[in-house]
Amino acid sequence: MLRLPLLYSLVGGILLLVAGMTLKDAGNPRRLGSAAFWGLFGLLFLIGDLIPPALAGAMVLAMVLLAGLGRLAPGRHERLSAERLEQSLARLGNRIFLPSLLLPVATVLLSVAVQRLSIADAPLLDAKNITLMAMGIACLASTALACRLTGETPLQAVRETRRLLDSVGWAFLLPQVLALLGLLFADAGVGKAIAHLAAQYLPLDTRWLAVLTYVLGMALFTVLMGNAFAAFPVMTAGIGLPFLVGTHHGDPAVMAAIGMFSGYCGTLMTPMAANFNLVPAALLELPDRNAVIKAQLPTALALLAVNAVLLNWLMFR
Amino acid sequence: MDQTINLWPLLGIAAVIAGFLLRGNPLLVVCCAGIVTGAAAGLAPQDILAKVGEGFLKTRGLSAALLLALLVVGLAERHGLRERAYRWIQGIGDATAGGLLIVYLLARQLSAALGLSSQGGQAQVVRPILAPMAEGAWEKLHGKLEAAQRMRLRAMCAATDNVGLFFGENLFVAFSAVILMHAFLRESGHPLDPLYLALWGVPTAMFAFLIHAGRLAWQEYRRNGGARAKGGD
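Residues numbered from 1 in each chain as written. Chains lettered and ligands numbered in written order. Predicted model: local features only at pLDDT ≥ 70, side-chain atom pairs only at ≥ 80, totals over all residues. Heavy atoms only, no water.

With an unreviewed UniProt entry as reference, chain B is termed DUF969 domain-containing protein, source organism Chromobacterium phragmitis.

The name given to chain A in an unreviewed UniProt entry is DUF979 domain-containing protein, and the organism recorded there is Chromobacterium phragmitis.

Here is the structure:
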């Protein structure tokens, strides 16, 4: 049976290779810091489960310090010469799209098919992480196809990964650190404190004020946490159920559906939702790291207003 | 209910807001906020470190998925994936950047609603395929993109992927958000059919498409109208 640790070891191995390549790259002005960053990341994937959690935590903090204090820089990367690029373009044509197409298709097929497959009564893939495992295998298959089509080695794929990682930089770590903050917030009862304050000081006996508080609260809380899933239980337990459903007798299904979507409007507006807003800005090489948020802001604000109206209307049909 | 609500952890939120106002490095800001929150909740330094470590290891899947996709994208990019996408769209006579993005928005929303949310994505599709295609369509109609325009167009590509994904996936009954809502409401004494929860997302999803597609169409229209007006003065 293929389990998650195997996938993590593979990722760890790739990251250590990236770290090694960075260390040898004289074209990187901060090669020690950069190599240490990717190396620690790789080690956390490889041996994270074997070391005490406090040590893993210290490694994470070291990575954050390396990145936060500007010890990371992109290295130098060899591109194909213009002539060889044209050769590839002419030779491959639209077949160059195939690996990118295979990746999602294989992920979906595997995650559907594999749920039913098992060898000697042991499920083939880790049941709790089917999507991730399926994606891992699909990535390897697509990489193999890409190597075959282009005539490159898997090592070249790792080199190209380093090129892309260099363009994303520290933002690559941010989604995980944010998820971490979410866990700490939940443990410390931050959400409860907010809902407590709102319920205490806002006149939620007025129906439209309660609606507005729930919708805006979901968005605002998501902006702060970067994740609507963290905001939902807090706002729903603190405002939604006692006031919208309790005091005003609204339909809880409408409340939940539109409430979650109001949180998503918040996701579109915040740097805290790093993997949707900051990582793409880095991937697209945009100098303004908030450019994606700025592009989304009008859509998000208009939709938030629509949500408030929809909630007030549909919940009390 | 719980009468002793500790308000000190709210300092963590204050730290986030202060950090972003001071334009600090987001990694540092978030980490400091976490430490402040942990300390305000009365955790010892050793325990905070352990929590950081545990949380980080628990969320490794996030990074693993992105990293593995880079292997494929990186290699295909080296051999002209972006150039191919750029030229391919230029071969389509009447393609516009706005039209392309509206079609992508609809496809992304519908496929996510069917549970195919991995059919797209910023690293897998937006950077190597969607953005070069949008640029190709634009430059074919309007000539070379200026740097600022190119950046706005690329940002809009990323935004379109996000809007399509977010306001599609919640219509899929087995998506984690629907499961979360279902479980939470059931535990609070409101057992509801998950299908019912997904269905009530449809009105917002439709408005999300109308609003974002409307913006894309408006920008395309203004670009055309604007180009003509500029020629006049």
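Asker: Just checking my understanding: could you explain the overall build of chain B for this structure?
Answerer: Helices and strands together make up the secondary structure of chain B, namely eleven helices and zero strands. Each helix and strand of chain B, placed in order from N terminus to C terminus, yields the pattern α-α-α-α-α-α-α-α-α-α-α. Whereas a compact globule of 233 residues would reach a radius of gyration of roughly 17 Å, chain B reaches 23 Å, over 25% beyond that. Reported as C-alpha extents along the three principal axes, the dimensions of chain B are approximately 70 × 45 × 40 Å. The buried share of chain B, reckoned over its 233 residues, is 52%. Put simply, of all contacts in chain B between residues at least 6 apart along the chain, 69% involve residues at least 24 apart. (Helix = DSSP H or I, 4+ residues; strand = E, 2+ residues; numbered from the N terminus. Rg over C-alpha atoms; globule rule 2.2 N^0.38 Å. Buried < 20%, exposed > 50% of the residue type's maximum accessible area, 1.4 Å probe, protein only. Contact = heavy atoms within 4.5 Å.)

Asker: Sorry, what's going on with helix H3 (residues 53-68) of chain A here?
Answerer: The periodicity of an α-helix, 3.6 residues per turn, causes residues three or four places apart in sequence to face the same way. Counted at 1.5 Å a residue, the expected span for H3(A) with its 16 residues is 22 Å, and the 22 Å between its end C-alpha atoms agrees. Those residues of H3(A) that are buried are in contact with helix H2 (31-47) and helix H8 (174-188) of chain A together with helix H2 (26-40) and helix H3 (45-58) of chain B. In the stretch just after H3(A), Gly70(A) is the one whose phi turns positive, near 75°. (Expected span 1.5 Å × (residues − 1).)

Asker: Even after reading the chapter, I still don't get the domain arrangement of chain B, so can you show me in this structure?
Answerer: Frequently, the measure chosen for interface size is the accessible area removed from exposure when the parts meet. Domain annotation of chain B identifies domain 1 (8-73) and domain 2 (80-229). Computed from C-alpha coordinates alone, the two centres of domain 1 of chain B and domain 2 of chain B are separated by 29 Å. (Domains from an automatic or database assignment.)

Asker: It is not clear to me how the UniProt feature "transmembrane region" (unreviewed entry) in chain B should be interpreted in this structure. Could you clarify?
Answerer: Residue and element names in this part refer to chain B. Taking the UniProt record as the reference, the feature "transmembrane region" (unreviewed entry) is found at residues 5-21, 27-45, 57-76, 163-185 and 197-218. Annotated as 71% helix and 0% strand, the span residues 5-21 places its first and last C-alpha atoms 28 Å apart. Across residues 27-45 one finds 79% helix and 0% strand; the C-alpha atoms that close the span lie 19 Å apart. (UniProt positions renumbered as here; feature names shortened; annotations may be inferred.)

Asker: Got a minute to help me understand the interface of chain B and chain A in this structure?
Answerer: Of the residues lining the interface, 108 residues belong to chain B; the matching set on chain A comes to 133 residues. Buried surface at the junction of chain B and chain A, summed over both partners, amounts to about 10,800 Å²; 78% is from carbon and sulfur atoms. The interface formed by chain B and chain A includes seven salt bridges. The salt bridge involving Lys51(B) is made with Asp187(A); its shortest N-O contact spans 3.0 Å. Put simply, chain B and chain A have 29 residue pairs in polar contact (both at pLDDT 80 or more) between them. The biggest single contributor to the side of chain B that touches chain A is helix H4 (residues 60-78) of chain B, with 19 residues. Partitioned by chemical class, the residues of the side of chain B that touches chain A number 68 nonpolar, 27 polar and 13 charged. (Buried area = accessible area lost by both parts, 1.4 Å probe. Salt bridge = Lys/Arg side-chain N within 4 Å of Asp/Glu carboxyl O. Polar contact = N/O pair within 3.5 Å; in protein donor to acceptor, adjacent residues only side chain to side chain. Nonpolar A, V, L, I, M, F, W, Y, C, P; charged D, E, K, R; others polar.)

Asker: Is there a simple way to think about the confidence of the model for chain B in this case?
Answerer: One rule of thumb: low pLDDT means the predicted coordinates there are not for detailed reading. All names here are of chain B. Taken residue by residue, chain B gives an average pLDDT of 88. The fraction at 70 or more is 94%. Summarising per-element confidence for chain B, the mean pLDDT is lowest in helix H11 (residues 202-232) (83) and highest in helix H8 (residues 147-169) (96). With a pTM of 0.87, the predicted complex shows an ipTM of 0.87. (pLDDT = per-residue confidence, 0-100.)

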